[in-house]
Every structure is written in C-alpha cells, then in structure tokens.
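# Observations on the three-dimensional arrangement
Next come the chains, spelled out residue by residue.
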Amino acid sequence: MKRPTSLLVPALVGALALLGAACAPEEEGGGFTPGQLGAVTVAPDAPIKLGVIQAISGDTASLGQDQVRGVELAIADKGGKLLDHPVQHQVEDDLCKAEGGTTSGQKLVADPQIVGVIGTSCSGAAVPAMEIFAGKGITMISGSNTSPTLTSDLKGNKAAASQKGYFRTAHNDIVQGQAAATFAFQKLGAKKAATIHDGDPYTEGLANAFGASFKELGGTVALATAISKGDTDMRPVLTEVAATKPDVVFFPIFQPEADFIVKQAKDFPALADTKKLFGADGLLSDTYIVIKQTEGMYFSGPATPTGASYQDFVGKYEQKNGEKPIQAFHAHAYDATNMLFAAIEKVAVRENDGTVHIDRQKLMDALYATKGFQGLTGTLSCDEFGDCADPKIDIVQNTPTEKSLDQVRGNVLFTFEPETS
Amino acid sequence: MAEPTVAVEAPVTAEGDLLPARQVDLWRAVRLGLVGGLTAVFVSANGMVEAFSERALLGRVTLGSLLLVAVPLLVGYLAGRPPPVLQGFATPRPGRRNIAGGLLAGLLTGAVMAVFVTLIATFDVRRVLLNVTPQLVREDPRLLTFGLDLGAGLVLILTLDAVLGAVAGTLHLLRERWRRAVFVVALWVLAVAMLQPFVVQVLRGIQAELRIWTAPLADFLYEPSGALSVLGAVAVAAAAFVVHVLLTREGRRPLRARLSSVPDRSRRLLRLAVLAGLLFVLGLLPQVLGPFLSEVLNIAGIFLLMALGLNLVVGVAGLLDLGYVAFFAVGAYVTALLTSPQSSLGVGWIFWAAVPFVVAAAAVSGLVVGTPVLRMRGDYLAIVTLGFGEIARLLFLSDWLKPTFGGAQGIIRVRDITIGPIQIADPQAFFYAIFCFVLLATYVTYALQDSRIGRAWMAMREDEAVAEAMGVNIVAAKLSAFIAGAMLAGFGGALFATKIGSVFPHSFNVIVSITVLVVIIVGGMASVPGVVLASFVLVGLPELLREFEEYRFLIYGALLIFMMQQRPEGFIPSRRRAQELHEEEVAQDAWLGETSRAGPP
Amino acid sequence: MAKSSPEPRGPIAARRTFQLPIVDGFLWLVRIAAVLLLVVGAFNSLTSARLSGQQWRDLVGFGIAQGSIYALIALGYTMVYGILRFINFAHGEVFMIGAMTGYYVSDGLSRTPLWEAQPFLSLFLVLICCMTVSALVALLLERVAYRPLRGLPRLLPFITAIGASFFLQYAVATLFGTSVKAYPPVSALSGAFTFLGFRILKVHLLVIVAALLMMAGLYLYVEKTKAGRAIRAVAEDPEIARLMGLSVDRTIARVFAVGGALAGAAGLLFGLVFQNVHFLSGFLPGIKAFTAAVLGGIGNIPGAVVGGLLVGSVESLGPSLVLVGLGIPSAHQLKDVVAFLVLVLVLIFRPTGLLGERVSEERA
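Residues numbered from 1 in each chain as written. Chains lettered and ligands numbered in written order. Predicted model: local features only at pLDDT ≥ 70, side-chain atom pairs only at ≥ 80, totals over all residues.

### Looking at the overall build of chain B
Applied cut-off: Only DSSP runs of H or I reaching four residues or more are called helices, and only runs of E reaching two or more are called strands; each is numbered from the N terminus. Values of the radius of gyration come from C-alpha atoms, whereas the globule rule sets the reference at 2.2 Å times the count of residues to the power 0.38. Here a residue counts as buried when 20 or more other C-beta atoms sit within 10 Å of its C-beta, as exposed when there are 12 or fewer, and as partly exposed otherwise, the C-beta atoms being derived from the backbone.
Secondary structure summary: chain B contains 24 helices and 6 strands in total. Taken against the 2.2 N^0.38 rule, which gives 25 Å for 601 residues, the C-alpha radius of gyration of chain B at 28 Å falls within 12% of a compact globule. Viewed in the frame of its principal axes, chain B has a C-alpha envelope of about 85 × 70 × 55 Å. Residues classed as buried in chain B amount to 48% of the 601 residues present.

Here it is in structure tokens:
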C-alpha cells in the first residue's frame, strides 16, 4: 500500500472538519415558539419518548434492572399514556462506567424526540452523560446516583461535575455519611473509627463522607485505608485495622470483598465482635446477609418507604416481574419518572389536533421548581443543584432472628433525616 | 523403473502413473460430528442461543436459530471435504462419499444435541448450569426444538442436522467457483441482516445529507422488526451473486495486473480521483452516520491509534508488551491534569498546549518501562510489562497519589479540543480530529518501518544476537521502540480523555492492553490495513451489536485460538509476515514445483 | 542472547559503550533507591511499635500460607516452561476450574452426612475430583490449542494461551454464572493452633502441610521415577530424547497433566482458605504465580517453591512493613505494586532468578 505523501490530504480533511463542525442541526418549526434550548414536538399519535440509561449488564446488573422495572411500573401506572400520547421508553446500558455513559448518551441524543432521561445507575457513568445532555438541554433524573460530586456539598457550593438539567431522587452521600457517623458516635458510643473502601468512586466518597462527619462530631478516624477489588486475603489489612483498636469499622463496599473481610475479621480478637462492623447499602443483598458471620452487623442505606402506596407498588412489582424488588432504589426510579411526568404535564402546550410541544427550558425550570412532590420515597423538593430527594437514611442490623433481606431492612435501629433549611 | 524422486512408499501401480485417490475419511466425519455436537451443546448451555434469539435476521429466523443450524452445516462441510491431494495420488471424484461424510457428521451432531435436550427436559440442571432456562426446551419458545414438543423436537433435531450436514457435503460437488459463490452470497446476506442498524442509518443519512432517494431502500430491505424482508434478502443475494460471478470471470485479469498496465499519466489521475472520492466519502461520513455511529467509529479510531503504536512495539520490533495501557493512561491523565480547571494543577490550558507535555510524558514513561527490561528475555518482558501496566493503574487509583491524580474520583471537566474559536464537542466533529491523528500515525508508522530504525527493529525481532553482531545498537533500538509506541498510545489517551470529558482509573485496566494486542494479531502484525480492519470489527462491532457484549471475550478467545492455528499472520497480513509464518509450506511448494518441473522419471 | 557485552571496537561499538554506562548507571540507581526505601520503611515500621510482635508473626504466617498456594500453581508454570519454553497463560484458569469443581463437589457432599462425620475424608474426595478435572482441562488445552503450534515462533503459542485463558474464563462465566460461589464451611477447619507462641490458623496449617506434601511428591516423581526421568530428559533436549526412544508427545502431555493436577489442588486449598470463588479468581493468582516461578528461576522446581513463598510473604508483609513506614496512606491498595516491583528488581539483580534457570536448549 502506498503511503500518502502530500500534506494536501490532512489539510483538506482539516478544512472539511471545520465545515462539519460548523454544520448545525435544523431548528424545530411550528407556530409554537420554542425557548433557547429548543423543544420537542410530538405529532398526534406519536409517542412521547423517554430515555433510560441503567446498568443492565455485568456485576451491577441487579441495580439497573431494578430501576428499569421501577420506570416501567410508573409508565404502566399512568396507563402507558401521557397527555393522550403513548409513552415509549428506550433502555440503554451504562456499563457502570464513564465509557458506557458516553455511548448511551450519544445514542439517546441522536434522537431529537427524547424528552427526558431516567439515569444513570452509577455516578461514574453520570458524569459524561450529564455533560452530553446539558449540551442539548435534555433533562436527566437519576434514581440511584449518590455521589456528592454530581450536585453540591449541601452547603450551597456547586460540586465539580454539576450540570444544569441534572436531578436526582436518591440521597446525596454526604447525608448517608452523616447518618452513619451520627449513629456510630451517638448510638454506639464509638470514639475511634476505621474506614475501608475498595477504590470505587462510590465507596471512597461514602467512606470519606463518614470520616468527615465523624470527625466533626468529635471522634477520631484511627485509620482510613483501602483494599482493591479482586483482593481475597484481607488479613494484612485487618491486622493494621485491629492494631488501632477501633470502636467501629465502616466498610461501605461490595461483595465479594466484604465477604472476605467479615469472615476473616473473626480471626482478630479486636474485631471479633461483629457489632463493630458497619456496612452500607451495597451489602444489603440476600447473598450477604445469609453469611453467618454478618450477624450483628449494621448497615446504612436509604430508608425503605412505608405506607400503603409502597405496599401496592411492591405487589405490582412482584406480579409483573416474578420476584420481589432486588435492590434499594426501585422506588426512587419510580418517583423520578413520576416527577418527570408531572413536570411534562405542567409545561406541555397542546394544540387542537393533538400535537404537543414541550419546551426544554420550561421543563427544566418546572423541575427545579418542584416542591412538596409526594412520591413513594417521601416528599420531594428540588434544590438549585438538582438534589430532589427527601433523604431518610435507615441504620438496620442483621441479627440471628432476621432471616430474609426484607426482615433485615425492617429491623431499623435509627433513622436519620437532615434538618431541612 | 527409474528412481522416484518423490518419497512415496508404495510402488507405482500398473494401471497408470497415479495411486488411487484418497477418499473422504468417514471416521474423521464421526469425530467431527461429535465435536460439533459438543459445540452445539456448549452454545446452548451458556445462553448464547437464547441471547442471540433476540435478534431477528430474516422473517422468523433469528441469529440464535442460525447459530444452531450453523454447527451441522459447518461440520458437514468439513467432514465432506476430500483430503488434500498429495503428489502421486489421483484426484478424488466428487460424489456420494462427500455427501455421506457430511450426513454422518450432521447426524452425530444431532444425536449429541438430542441427548442433551432429553437430559435437560428430564432433569432440572438450572442450579448448576444457570443459563439452561426453561425457554430452551420446556416452555415456549422452545428454542432448541424449534418450537416443537420433546418427541417431535428430537426427531426434528436428528433429521434436520443430518440433512444440513448432507447439504453442506453436497457443496463439495460444485466447482470451486460456484462453491465460493455460495459462501459469498451467504456472507453478504448475513452481513446485511446483522448490520441492520448501521445500514438503515447510512441509507437514511445519505438521504438527509445528499438528498439521494435512498431511505425507501431501507424500508424495502428491512421489516419493522429489524429483520431482513424476504424480498430484501433475495435482492441482496442476487446482487452479491452477480457481482461475484462478474469478478471471477474466466480469463479476467486480476486487479493488480490491470493497474500495472495502465499508463503513468492515467495512473496519476486515477490515484487523484480515488483520493478525492475517499475524501468526499470521509468528509460526509460522520454527518451521514449520525452521532451514535460516529461515536462508535471514534472509539474504534482511538483503539486503532493505539494498535498502530503497539504494532511498532510488538509487530515490528518484536517486544511483547502486555502493559500498553500504562502509556494510554499517562496520556489521558496528563491531558486531564493540564486541561481541566478542576484538576490538582488547575491550569485549564487548551488541548494543543497540553500536547507537547503529553508527548514528553509518554516518552519518559516509555523510557521508564523500557530501561529495566532491556536485558530481559521475551517471555519475562511480557510479564514485567504486564506488571507495569497494573502498577500504573494502581498508582492512578491510589489514595496516596490522590492529591495529584484524583484517586478513585478521577479528574473531570476535561476540556474539548478547540481549533481557534470552534469547539469540537460532538462526535461527528471529533471524528475528523481522530481521523487526522490516525492519518498522522499511519504516516509515522510507515516512515518508521522503512527507515533505518525500522530495519534495526526488524533485525532485532528476528534474532537479537545476530542483529547485535551486525552492528545494531540493541539498547537504542529497544528504547526507541518503547518510546515510539508510548507516544502513540499517549495520543490515544489524550483523545480518549477529551472525548469522554473525564478520566477515571477504572478505564485503564489490562483488558485494554489485551484488546489492542488481539486487534493487531488478528488484523495482521506489521500490516496497517489489517490493523484498521481488525479494530473496526473487533472494537466497533461489539458496540453496535449489544447481544455480543456478554460473549465478547469468549468469542475473542476462540478467535485467537483459531487464528493462531489457521492464519497466524492475521486477516490482511503483510506479505513478508505471511511468508515467514508459512515458511514450511512455501518451501514445500517450491520443492514440489521443482520436482514437477523436472518431470516424472 | 548476549549476556555480557563483547569486547567493542570501532565507531559503532564505541557509541555502544558510551550508552551502556548510562543504562547501567540508571539501573544501579534503581537498586540503591530500592534498598534505601526498603530499609527506611522497615526501620520506621518496626520501631514505631504500631504492630506487636505477635501481629508481625501473624503476618508472616499469612504470607506463607498464601505463598504455598502460589507455589503450587507456580510448579505447573515452571514445568511447562522448562520443557517447552512457553508461558501457559491459561494455567491460572486451570486453577480456577479446580476451585470451581471443588465448590460444586463440596456443595454436593455437604448435603450428605459424610461431610460432618468425616470431614477429612470428604475433603480428600473433593481433592481427587479437583485434581482430576484440572488435569483433564490442562490435557485438553495442550492437545487442542498448543500441540498444533509446537515449534512455531514463540509469540504464537503465547497469543493462543491468552486466547485460551479468556475462553476458559468466559466459558465458566457463561455456563455457571458470574456470581460468587461460597464454599460450605468446614467446622473442623475453623479456629487456630498455638504452639511455641506462634499462632497459626487451622486452615492455613492444612494449606501449608498439603502444599509441602505435594511438592515433595512432585520432587520424588521427577527425580526418582522413570516418567520423571523422561520429563527431565525432554526438558534437557527434546530431539535427543526422541532419538533415544522417548515419546515426546506423551511426556509433554504428562507434564501438563501433573501441572494441572497441582493447580487443581491449589484451587481447592484456595477455596478452603477464602471460601469464595468466581470466574475471575484465577487471573491474579495466575500472574502472581508466574511471577513466583520467574523469581525462583524458571524451570527450577525448588525455585518455584521459593518464589511462591517469597511472593506470598512480600504481599503480606510488604505494605505493612515498608509502605506504611514510608508514610504512604492506604498502603494495602498497593500490595500488587510491591509484588511486581520485587519481580522487576529481582530480574534486574539476577536475570536468571534466585535459584537459577533450568530450561531446554534453544532450538536453532
């Protein structure tokens, strides 16, 4: 094969690049004047399209599947229709990674009919997806992103990755860190804590949030350490942890590393008391709580909603999918979808022939203005950065009497709700 | 009787100069049938059939049922194939034995499958084999028995597999040309069916951009379910057949010969025309493809960039580097550090200001990796570089270096590439940027390969001791190979960081290194066209066909094993490499050529 | 391969000698830096009284147990390399398949009364199953993937091995699921022994004893039996061995089978210690075991044992001893970094490994 010898080629292509980049998509037409972000015009009998980006494959598949089902139930509860148009949802996989967020985002952005997106599952995938959507004015509401870097530090400071048009109905992990630290300090009387994370941005963020709150309350973090995913021998790490003689060990990680920690901790007298071990919602799964060595352990996680409407929801979920809800965020996805529906209904402009116009800017403003929205997970109000959740963190304990995951989730020892400003 | 120059043991028979032809070996057919049966059981048990059944190909035929059907066809074809004709033996006449071989193999495949189906219908093995779902045999859609009940299903499996095997065996009755035509047609129909989203998007895109009336073609070819319509399939098959027949006409000179007979001036014009055409297509391609497909091309393009770099290290210089992702990560992190206002450095430069530092950092890391391994043998080199790859990832992830690199949270808000006031924000524009870089990398690759340093690398690859004895500076050669490869990977990393807009350490794992290695091996080492093709097929296709995601590495592994045995020089090999690897066969051909020219005694 | 540079003459050679001191100097700097960091870190750790003597001894015990598992896997690598000069990248997967087999068999056995009544007999049965299955997988690999490529440039079998590794991993993942499989608990193995002030876990003791027995068995097999002699002969020079009437194919197959069986046993022991296996469990131990084999001297059976114990101890002690002493936070995240750095340093200090290599003659 001959090699391209002239510089003409790259120059020509460069010129074409400028041309291509300068080409903008055509504007929406119609008698209705859209705002600066454009609008979605849904023809009569055409569906209103929703995008769904969740982790539906791999290790975190249960998290994503659970939420997709929540979204589907919300659509079904509306009779599959919104404003007399059928609702269609397109599910994409976020792979729980930034690359997945990018690809899914690009796939959905290619369709100008997408009104809003329910996603992502994992905070890492949310970062690029948010940016792609913000560029096109598309709203995204997440039911399970909890990283503080996506919204704010809850003290009024915008966080690093925060974008306009991003909302979430899941709690901010700063709250969960506060909850866990408060429980440990006040209820368990712990003065010295050790934290272990596994290099995942979620666990590291949560462990740090716990550490910061614990220090604020007056305790000391004797050791903040980490393991790597795939590690099996936890004994060296546990030796170091045991040497500091902590009152509580907070390890908000996932299986199977948590399995190793909890089993191998028994070999250390300083850690043998299971009541010193504290995990998070990543471990509230039926394969973990059946391990004998986890009896006595505490877990923090979003509070399981109570009330008749939630029981109804669980019943419908079980009937449709053949099993009980798997993870902790199905209700949050349901609420997110309903919140979006409510906002769409509020801002949509209907014409006589059935055409519906949804202005993107107005949709975003309506969502930011959401106050007192009654959802399964509580009363949702969105702040300026997109945190809409009514955060309630339950601290539960796994005891020999609790046999199933539901029972463990129901064994609430402490509920934490931050003071609302 | 004269001395035979060919080492044939039996004496020449009286009835002619040739020994009776070697016929299709029926025991081989039996063995193939059993292997085929086990393969069919494997793909059923691991869920591939079920996952692939989601994709409709033609009417009610899904990819899953095609998979089940492909096994007896394949083993039937292989079993019915006559053994290679050795010198001194007559050529076997195609006939009943081919069909018999195919039938036997197909029948045995069916038998093994039937046993399996009976087993899973009787016992519940789901506790052990998780993907053996009821939908395979017990409940609708009863994928393995094609919708029938157990009894009828077993009969169907046996007969269908036997018939398919026989049909595949019949292919050997055709002349080579028609047999190849059958394959080409089948391949085209399959490709058009599987690449439905791609084809539809291209046709619609062409209509949107060029106002050529191609979108109705998409509706003609495909049904709303995504499968090919019957008419569409027939049309594609006919077109492929006609083109193949035209291209393989008797007496038609091959392309190369035709080209070389064209006069110089016309050749230059031809070259310019081809280039202009290519530019036109490439310029329009992103607009036609839309953002998602452009994104897929971009991902493939970044891997291609890395593959070109690794090609230099592994293919040309012969240094098996398994930790290539380390350089990729260095490029990405340096870009992120320098262009993101959120990073620890927080300087927020433009991309072009960061580029020299990316190159420098990559070169330094190439040096750091290359120096300790200078004296190490090839196999040790592989493991040590793998270790370096893991070390890089762990260091970027670590809490220790978190103040600089962001730890598990990574670095976000990496700035897009800007050309003056224009920001390259969407995938279509990014495609042009990647294309320019790939072009540059290709130029650099060719330039290096043909230069002194390239020759030094190839000499080192062949035999280090001899190269050193001939005066090649091995130290300089090795280090420069690592540095060159590192710089290309660093570019890839820089582009990756700006494309995604954030860098997380989890993206830089050993899988990336292995994927790039697979791309260059399967594509053809030291061969640029091969690498280009392989990166689009191996990296682009899985993005496009999500069903393959779960089975991606299974397919990679099987592909590697298969390619190494059958075609180790890759899909589009560099001619030299192909010769090297098939040395023995080339030598034997030459020897046979000589003796046949010398004539029978 | 040139081990030391020949006497240089002339302008090209002169350039080379100029460059070599730079490289040599750099490498010496690396060695000095490594030793310095090691000493400073260890000194800080030991004098800071962060861990008690008992805890340091515990760490050593953990390291030896982990190292024994690596050693068993490393034996398979080293034997294959000694004969074929080929890294069987898929050996880690053979180990994982052994561990998986152990899970299914012990899960089945634990539902019978035999499990509680006769724990050691049950474990022995499981061991036999694991070793058999792993040996069969190794034989299959050799026959299908490696034998057709014997004699070809070394890159090809290596790539095939990588392909085989992926294939086996994902075959197990798709057939048996990606979830973690938990071994049933063995009540006889819980708890610890204390003797001479040295505390060791019962399960670790089992691992160390079993590993030692198997290594001794292998040593006897290779040194004393006829088959072992055949293996050593083929390792020395396959062509001459063939001429002397040995079946090279069968010997090589035997080597794979024995290596595979040992890896299967390692898999069971791994399962007993960590009680969890899943389809990726073989990847990291495979790489570390190869590191161990290279450390000890490839092709050298005692070397693999020494290498394995060294890698295990470095992993266990390294972060606590050196890294924490140097003030690095979350030191255990970097334990693999320590292990690989040790490999690099040993290969720079001593390219043929600690106990020297024993490989077949380079085929011309």
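So much for the structure itself; the text now carries on.
### Brief notes about the confidence of the model for chain B
All names here are of chain B. Short version of the rule: A score between 0 and 100, pLDDT records how confident the predictor is in each residue.
Per-residue pLDDT for chain B averages 85, and the proportion of residues at 70 or more is 93%. The secondary-structure element of chain B with the lowest mean pLDDT is helix α10 (residues 255-260), recorded at 67, while helix α12 (residues 325-339) shows the highest, at 95. Among the scores for the predicted complex, ipTM is 0.86 and pTM is 0.86.

### A few points about the nonpolar core
As a reminder, the rule being used: Nonpolar cores are built from buried Ala, Val, Leu, Ile, Met, Phe, Trp, Tyr and Cys residues. These are joined into a set through C-beta atoms within 7 Å.
One finds B:Met306, B:Val519, C:Ala71, C:Leu72 and C:Ala265 to be the most contacted residues of the largest nonpolar core, which totals 433 residues. If you tally residues by element for this core, the top one is helix α11 (residues 264-316) of chain B, at 21 residues.

### As for the interface of chain B and chain A
The test is simple: A pair of residues counts as a contact when their C-beta atoms, built from backbone coordinates, are within 7 Å of each other. For this classification, the nonpolar set comprises Ala, Val, Leu, Ile, Met, Phe, Trp, Tyr, Cys and Pro, the charged set comprises Asp, Glu, Lys and Arg, and every other residue, Gly included, is treated as polar.
Tallying the contact residues gives 43 residues for chain B and 40 residues for chain A. Those elements that provide at least two residues to the side of chain B that touches chain A are α11, β5 (422-424), α16 (427-449) and α21 (528-544) of chain B. If you tally residues by element for the side of chain B that touches chain A, the top one is α16(B), at 10 residues. When the residues that make up the side of chain B that touches chain A are grouped by side-chain class, the tally is 25 nonpolar, 11 polar and 7 charged.

### Overview of the interface of chain C and chain B
Each side of the interface is counted separately: chain C has 50 residues, and chain B has 49 residues. Of all the elements in the fold, those that place two or more residues in the side of chain C that touches chain B are α1 (10-47), α6 (155-176), α11 (283-296) and α13 (335-349) of chain C. Ranked by the residues each element gives to the side of chain C that touches chain B, the list is headed by α6(C), at 15 residues. For the side of chain C that touches chain B, the per-class residue count stands at 38 nonpolar, 8 polar and 4 charged.

### Brief notes about the sheet that holds strand β8 (residues 192-197) of chain A
Residue and element names in this part refer to chain A. Put simply, the test is: Each pair of strands is called paired provided DSSP finds at least two bridges between the two strands. An axis is simply a line fitted to the C-alpha atoms; with a helix, the fit covers only the stretch in contact. Between two such axes, the angle follows the N-to-C directions and lies from 0 to 180 degrees.
Ordered by their spatial adjacency, 7 strands build an open sheet running β9-β8-β10-β11-β12-β17-β18, and the pairing between neighbours is mixed. Because the sheet does not close on itself, it has two edges, and the strands there are β9 (220-226) and β18 (412-416). Geometrically, the sheet is characterised by an average inter-axis angle of 20° between neighbouring strands, direction not taken into account. Where β8 meets β9, 6 bridges bridge the pair, whose relative direction is parallel. The residue of β9 that forms the bridge with His197 is Ala226. Strands in contact with helix α6 (residues 201-217) are β8, β9 and β10 (248-250); relative to β8, the strand with the most contacts, it is inclined by about 165°.

### Topic: the domain arrangement of chain B
Note the threshold: Segmentation of the chain into domains, including their bounds, is taken from an automatic or database domain assignment.
Domain annotation of chain B identifies domain 1 (15-173), domain 2 (177-251) and domain 3 (291-574). Put simply, the middle of domain 2 of chain B and the middle of domain 3 of chain B, counted by C-alpha atoms, are 35 Å apart.

### What about the environment of B:Thr133?
Residues and elements named next belong to chain B. Position of Thr133 among the secondary structure elements: in the loop between α4 (96-122) and α5 (150-170). Of the residues examined, Thr133 has 15 C-beta atoms within 10 Å and is grouped as partly exposed. Residues Thr133 and Gly232, 99 residues apart in the sequence, show an inter-C-alpha distance of 34 Å.

### Description of the sheet that holds strand β14 (residues 356-359) of chain A
Residue and element names in this part refer to chain A. One open sheet holds the 3 strands; their spatial order is β1-β14-β13, and the pairing between them is antiparallel. The sheet is open, and its two borders are formed by β1 (39-42) and β13 (349-350), each paired with just one other strand. Across 4 bridges, the pairing between β1 and β14 is antiparallel. The partner of Thr41 across the bridge, within β14, is His357. With respect to the sheet, helix α12 (residues 360-368) is in contact with β1 and β14, its orientation differing from that of β14 by roughly 65°.

### Observations regarding helix α5 (residues 173-187) of chain A
All names here are of chain A. Counted only if it meets this: Expected span of a helix, by definition, is 1.5 Å for each gap between consecutive residues, and there is one gap fewer than residues.
The end-to-end C-alpha distance of α5 is 20 Å, a good match for the 21 Å that 15 residues give at a rise of 1.5 Å each. Among the 15 residues that make up α5, 12 are buried, leaving the element largely enclosed by the rest of the structure. Looking only at α5, the buried set comprises Asp173, Ile174, Val175, Gln176, Gly177, Gln178, Ala179, Ala180, Ala181, Phe183, Ala184 and Phe185. Two residues or fewer after α5 comes Gly189, characterised by a positive phi angle close to 65°.

### Some words on the domain arrangement of chain A
Per the domain assignment, the segments of chain A are domain 1 (39-170 + 329-380) and domain 2 (174-291). Inter-centroid distance (C-alpha atoms) of domain 1 of chain A to domain 2 of chain A is 33 Å.

### A word on unusual backbone geometry
Looking along the chain, the bond that leaves A:Gly119 and enters A:Thr120 is cis, with omega of -5°. Within the fold, A:Thr120 resides in the loop between β5 (114-119) and α4 (123-136). The omega angle of the peptide bond from A:Gln255 to A:Pro256 is -5°, so this bond is cis rather than trans. Residue A:Lys245 is not a glycine yet carries a positive backbone phi of 50°. Turning to its location among the elements, A:Lys245 is positioned in the loop between α7 (235-243) and β10. Judged by the 11 C-beta atoms lying within 10 Å of it, A:Lys245 falls in the exposed class. A positive phi is found at C:Ser330, a non-glycine position, where the angle reads about 50°. The topology assignment puts C:Ser330 in the loop between α12 (301-323) and α13. For C:Ser330, a count of 27 C-beta atoms within 10 Å translates into the label buried.

### Remarks on the packing of helix α3 (residues 63-80) of chain B against α4(B)
Residue and element names in this part refer to chain B. Note the cut-off: A crossing counts as left-handed when the near helix is turned anticlockwise from the far one by less than a right angle, and as right-handed when that turn is clockwise.
Interhelical geometry of α3 versus α4 gives an angle of 145° and a closest axis separation of 7 Å. Judged by the twist between their axes, the crossing of α3 over α4 is right-handed. Across from Val71, Pro72, Val75, Gly76, Tyr77, Ala79 and Gly80 in α3, the residues of α4 making contact are Asn98, Ile99, Gly101, Gly102, Leu104, Ala105, Gly106, Thr109 and Gly110. A class-by-class count of the residues in the contact of α3 with α4 yields 8 nonpolar, 8 polar and no charged.

### Overview of the packing of α11(B) against helix α19 (residues 474-500) of chain B
Residue and element names in this part refer to chain B. Inclusion rule: Roughly parallel means an angle under 35 degrees; roughly antiparallel, over 145; roughly perpendicular, 65 to 115; everything else is oblique.
The interhelical angle for the contact between α11 and α19, taken along N-to-C directions, is 170°, at an axis separation of 7 Å. Relative to α19, the element α11 lies roughly antiparallel. Packed against α11, whose contacting residues are Asn298, Ile302, Leu305, Met306, Leu308, Gly309, Leu310, Leu312 and Val313, the element α19 presents Ala481, Phe482, Ala484, Gly485, Leu488, Ala489, Phe491, Gly492, Leu495, Phe496 and Lys499 at the interface. Looking at the contact of α11 with α19 residue by residue, the classes come out as 15 nonpolar, 4 polar and 1 charged.

### Concerning the pairing of strand β3 (residues 198-201) of chain C
All names here are of chain C. Bridge count for strand β2 (residues 192-195) against β3 is 4 bridges, and the pairing is antiparallel. Within the sheet, the bridge partner assigned to Thr194 lies in β3 and is Arg199. Hairpin connection, β2 to β3: the antiparallel pair is bridged by 2 residues, and Leu196 has positive phi, about 55°.

### Concerning α13(C)
Residues that lie three or four places apart on an α-helix share one face, since the helix turns once every 3.6 residues. Residue and element names in this part refer to chain C. Counted at 1.5 Å a residue, the expected span for α13 with its 15 residues is 21 Å, and the 21 Å between its end C-alpha atoms agrees. With 12 of its 15 residues buried, α13 lies for the most part within the structure. Among all positions of α13, only Lys335, Asp336, Val337, Val338, Ala339, Phe340, Leu341, Val342, Leu343, Val344, Leu347 and Ile348 are buried.

### Some remarks on the environment of B:Leu228
All names here are of chain B. In this structure, Leu228 sits in the loop between α8 (215-221) and α9 (230-247). Taking the number of C-beta atoms within 10 Å as the measure of exposure, Leu228 has 25 and is therefore buried. Separated by 168 residues in the primary sequence, Leu228 and Arg60 have C-alpha atoms spaced 9.8 Å apart. Beyond its immediate sequence surroundings of up to four residues, Leu228 is in contact with Leu57, Leu58, Val192, Ala193, Leu221, Tyr222 and Ala233.

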